[in-house]
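So you can see what is in the structure, the chains are spelled out below.
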Amino acid sequence: MQELCPHYYTLAFDLHGYGETPYPKNQESFGLEDEIQLVDDFLNETVPPKEPVHFVGHSYGAAVSLSYAYEKPERVKSLVLFEPVAFHLLPDTEEALDYAIKLAQGVDGHLKEERFSD
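Residues numbered from 1 in each chain as written. Predicted model: local features only at pLDDT ≥ 70, side-chain atom pairs only at ≥ 80, totals over all residues. Heavy atoms only, no water.

J.: Looking at this model, I keep getting lost on the overall build of the chain. Mind explaining?
T.: Per the secondary structure count, the chain includes 3 helices and 2 strands. Taken from N to C terminus, the helices and strands of the chain fall in the order α-β-α-β-α. Relative to its length of 118 residues, the chain is extended, with a C-alpha radius of gyration of 17 Å against a globular reference of 13 Å. Expressed along its principal axes, the backbone C-alpha trace of the chain runs to roughly 50 × 35 × 35 Å. (Helix = DSSP H or I, 4+ residues; strand = E, 2+ residues; numbered from the N terminus. Rg over C-alpha atoms; globule rule 2.2 N^0.38 Å.)

J.: How should I be thinking about helix α2 (residues 60–71) in this particular structure?
T.: Note on helix geometry: an α-helix contains 3.6 residues per turn, so any two residues three or four positions apart are oriented the same way. Between the first and last C-alpha of α2 there are 17 Å, a value that for 12 residues agrees with the 16 Å anticipated at 1.5 Å per step. Where α2 is concerned, the buried positions are G61, A62, A63, V64, S65, S67, Y68 and A69. Taken together, the buried residues of α2 touch α1 (32–46), β1 (53–58) and β2 (76–82). (Expected span 1.5 Å × (residues − 1). Buried < 20%, exposed > 50% of the residue type's maximum accessible area, 1.4 Å probe, protein only. Contact = heavy atoms within 4.5 Å.)

J.: For this particular structure, what's the right way to read α1?
T.: In a regular helix each residue adds 1.5 Å, so 15 residues correspond to 21 Å; α1 covers 21 Å between its end C-alpha atoms and thus fits that length. For α1, the secondary structure elements touched by its buried residues are β1 and α2.

J.: Would you mind showing me how to read the layout of surface pockets here?
T.: Remark: the empty space left among the atoms is shown by a probe the size of a water molecule rolled over them. Reported here for the largest pocket is a volume of approximately 920 Å³. What lines the largest pocket is a set of 33 residues, among which L11, A12, H54, F55 and V56 lie closest to the centre. Those elements that provide at least two residues to the lining of the largest pocket are α1, β1, α2 and β2. Broken down by class, the residue content of the lining of the largest pocket amounts to 21 nonpolar, 9 polar and 3 charged. (1 Å grid on protein atoms, 1.4 Å probe; cavity = no way out; pocket = protein on both sides within 12 Å on 5 of 7 lines; lining within 4 Å. Points joined across faces, edges and corners; volume = space filled by probe spheres on them. Nonpolar A, V, L, I, M, F, W, Y, C, P; charged D, E, K, R; others polar.)

J.: Quick question: what am I supposed to make of the environment of D92 here?
T.: Locating D92 in the fold gives a position in the loop between β2 and α3 (95–116). A sequence separation of 74 residues divides D92 from Y18, and the C-alpha atoms of the two residues are 31 Å apart.

J.: I keep staring at unusual backbone geometry and nothing clicks. Help me out?
T.: With glycine set apart, most residues show a phi of negative sign, and most peptide bonds adopt trans. Here K50, not a glycine, exhibits a phi torsion of approximately 70 degrees, which is positive. Structurally, the position occupied by K50 is in the loop between α1 and β1. According to the relative accessible area criterion, K50 is exposed, its value standing at 74%. A positive phi is found at S59, a non-glycine position, where the angle reads about 55 degrees. Mapping S59 onto the fold places it in the loop between β1 and α2.

J.: I tried to follow the environment of F13 on my own but got confused; where do I start?
T.: For F13, the position within the fold is in the segment before α1. For the pair F13 and V39, spaced 26 residues apart in sequence, the C-alpha to C-alpha distance is 8.7 Å. In this structure F13 touches L38, V39 and F42, once residues within four positions along its chain are discounted.

J.: Just checking my understanding: could you explain the pattern of salt bridges for this structure?
T.: In a structure, side chains of opposite charge can pair up when their charged atoms sit close to one another. Inspection of the entire model under this criterion finds 2 salt bridges. Across the pair K72 and D40 runs a salt bridge, and its minimum N-O distance is 3.5 Å. Taken as a pair, K72 in the loop between α2 and β2 and D40 in helix α1 lie far apart in primary sequence, 32 residues in all. Two residues, D98 and K102, come together in a salt bridge whose shortest N-O distance is 3.1 Å. Separated by 4 residues within a single helix, D98 and K102 lie in helix α3, roughly one turn from each other. (Salt bridge = Lys/Arg side-chain N within 4 Å of Asp/Glu carboxyl O.)

Remember that the coordinates give geometry; whether it matters functionally is a separate question.
Structural data, given as structure tokens:
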């Protein structure tokens, strides 16, 4: 971000549950729509209305950026996405999806074993 500052006006903020931003009140119905609203509210407070902005997102932030761009394309000038967590976009027949699910299940199982082995 420091390297971009001489050339761009940069902003960074926390999504729900990160840094100073609390988890949403109703966690059972929480979804990307809540994050999109959070991003939109932040932009409306800090950037002139209807001015498109460049988005840079990593992991979950990249998935939120991608979702925001889909819902509000007029506000997005460009997207730079690093490792977006977007497996839900793959069809059920995609080998990569099957691999990702098995990998996640293996990691989850390993973490459960570690947690209960103490």
